[in-house]
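Tertiary structure, described
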Amino acid sequence: MGKGAETRERIIEIAEASVLAKGFGATSIEEIIVEAGITKSGFFYHFKDKNELAHKMVRRYVDENNRVFDEIFERGHQLSDDPLQAFLISLKLLAETMSDLPSGHPGCLIASICYQERLFDRNVRNLIAQSVKEWHMRFRAILDDIADVHRPRDAIDLGDVADMLSCIVDGAIIMSKALNDPKRIERQVLAFRSFVKLLFSPATAQLEKPPVPDSIQAA
């Protein structure tokens, strides 16, 4: 990586940490250039404005999330040929990954930007929408593969189940921050794992009542 690329990466890292800490509106170019140790003209050499920085920041965030998902779910497929077992393994690995973050998850950049969407141009908003749709399609494809082998116990929309994972992770990030409980994300992912396991488990046959002994019937 050249010096210019390293500087751009450093600017994006600083901006992301600031946005997660206090929001995009409260993050100024001035504080970014001071922390990055560059001039204002140096900033505008790399980014024409704050919206372009936001676009690159979201793109980097999405790419990193996709890389993590790719590695985790590929590992699950390597460990089991059964789509359900592969997904359950992957969810366990995802929970462990979240648990291993030293200070808890830093926050969801997508959520932070959505809360202040009026501050961003159409390109940034479209990138976020497309990213959410891609995560939906990723998880929906996995669930469809599972349903081809294991019939769901309930007539539930698998698209809603696909969205549930993103909702659970983002919601757990908020709860972990509010309650200062970094392990909250891990537990919520494992709870979703239990839900998926139950959803695709075969229904337990109703046990027949044991026959009443003749002596009791006579009484």
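Structure: see above.
For clarity, every value in this text was computed on a predicted model and none was experimentally measured.

So, about helix H9 (residues 184–199). With 16 residues, H9 should reach 22 Å at 1.5 Å per residue; the first-to-last C-alpha distance of 22 Å fits that figure. Every buried residue belonging to H9 is among Arg184, Ile185, Glu186, Val189, Phe192, Val196 and Leu199, and all of these are buried. At its buried positions, H9 is contacted by helix H5 (83–99) and helix H8 (158–179).

Ranked by size, the top nonpolar core spans 56 residues in total, and within it Val58 and Phe87 carry the most contacts. When contributions to this core are tallied by element, the ones reaching two or more residues are helix H1 (3–22), helix H2 (29–36), helix H4 (50–79), H5, helix H6 (109–114), helix H7 (122–149), H8 and H9. With nine residues, the single largest contributor to this core is H4. Setting aside its immediate chain neighbours within four residues, Val58 contacts Leu109, Ile110, Ile113, Val124, Leu127 and Ile128.

This next bit is on the pattern of salt bridges. Here the structure, examined in full by the defined rule, presents 14 salt bridges. Arg59 is the partner of Asp63 in a salt bridge, and the nearest nitrogen-oxygen pair spans 3.1 Å. Of this pair, Asp63 and Arg59 both sit in helix H4, four residues apart, roughly one helical turn. Asp63 gets classed as partly exposed once you look at its relative accessible area, which sits at 39%. Classification of Arg59 by relative accessible area gives partly exposed; the value is 30%. A salt bridge links Glu96 to Lys92; the shortest N-O distance between them is 2.9 Å. Pair noted here: Glu96 and Lys92 are both in helix H5, with a separation of four residues, about one helical turn. Looking at Glu96, the relative accessible area reads 33%, which means it is partly exposed. One network of salt bridges, with partners in common, ties together Glu9, Glu13, Glu16 and Arg60.

Quick look at unusual backbone geometry now. Phi angles above zero are rare outside glycine, and Asn180 is one such case at about 55 degrees. In this structure, Asn180 sits in the loop between H8 and H9.

Let's shift gears to the packing of H4 against H7. Interaxial distance between H4 and H7 falls to 9 Å at its minimum, and their mutual angle equals 10 degrees. Considering the angle they form, H4 stands roughly parallel to H7. Residues Asn51, Ala54, His55, Val58, Arg59, Tyr61, Val62, Asn65, Asn66, Phe69, Asp70 and Phe73 of H4 touch H7, and the partners they reach there are Asn123, Val124, Leu127, Ile128, Ser131, Trp135, Arg138, Phe139 and Ile142. Here the residues of the contact of H4 with H7 sort into twelve nonpolar, six polar and three charged.

Scanning the entire structure with this criterion turns up nine aromatic pairs. Judged by centre distance (6.4 Å) and plane angle (85 degrees), the ring pair of Phe69 and Trp135 falls under edge-to-face. Note that Phe69 is positioned in helix H4 and Trp135 in helix H7, a separation of 66 residues in sequence. Judged on exposure class, the residue Phe69 and its partner Trp135 are both buried. Taking the centre distance of 6.5 Å and the plane angle of 90 degrees together, the rings of Phe87 and Phe192 count as edge-to-face. Here Phe87 is found in helix H5, whereas its partner Phe192 is found in helix H9, with 105 residues between them in sequence.

Cut-off values and rules
- Residues numbered from 1 in each chain as written.
- Predicted model: local features only at pLDDT ≥ 70, side-chain atom pairs only at ≥ 80, totals over all residues.
- Heavy atoms only, no water.
- Helix = DSSP H or I, 4+ residues; strand = E, 2+ residues; numbered from the N terminus.
- Expected span 1.5 Å × (residues − 1).
- Buried < 20%, exposed > 50% of the residue type's maximum accessible area, 1.4 Å probe, protein only.
- Contact = heavy atoms within 4.5 Å.
- Core = buried A, V, L, I, M, F, W, Y, C linked by side-chain atoms within 4.5 Å.
- Salt bridge = Lys/Arg side-chain N within 4 Å of Asp/Glu carboxyl O.
- Axes fitted to C-alpha atoms, helices over the stretch in contact; angles between N-to-C directions.
- Parallel < 35°, antiparallel > 145°, perpendicular 65-115°, else oblique.
- Nonpolar A, V, L, I, M, F, W, Y, C, P; charged D, E, K, R; others polar.
- Phe/Tyr/Trp six-rings, centres within 6.5 Å; stacked < 30°, edge-to-face > 60°.

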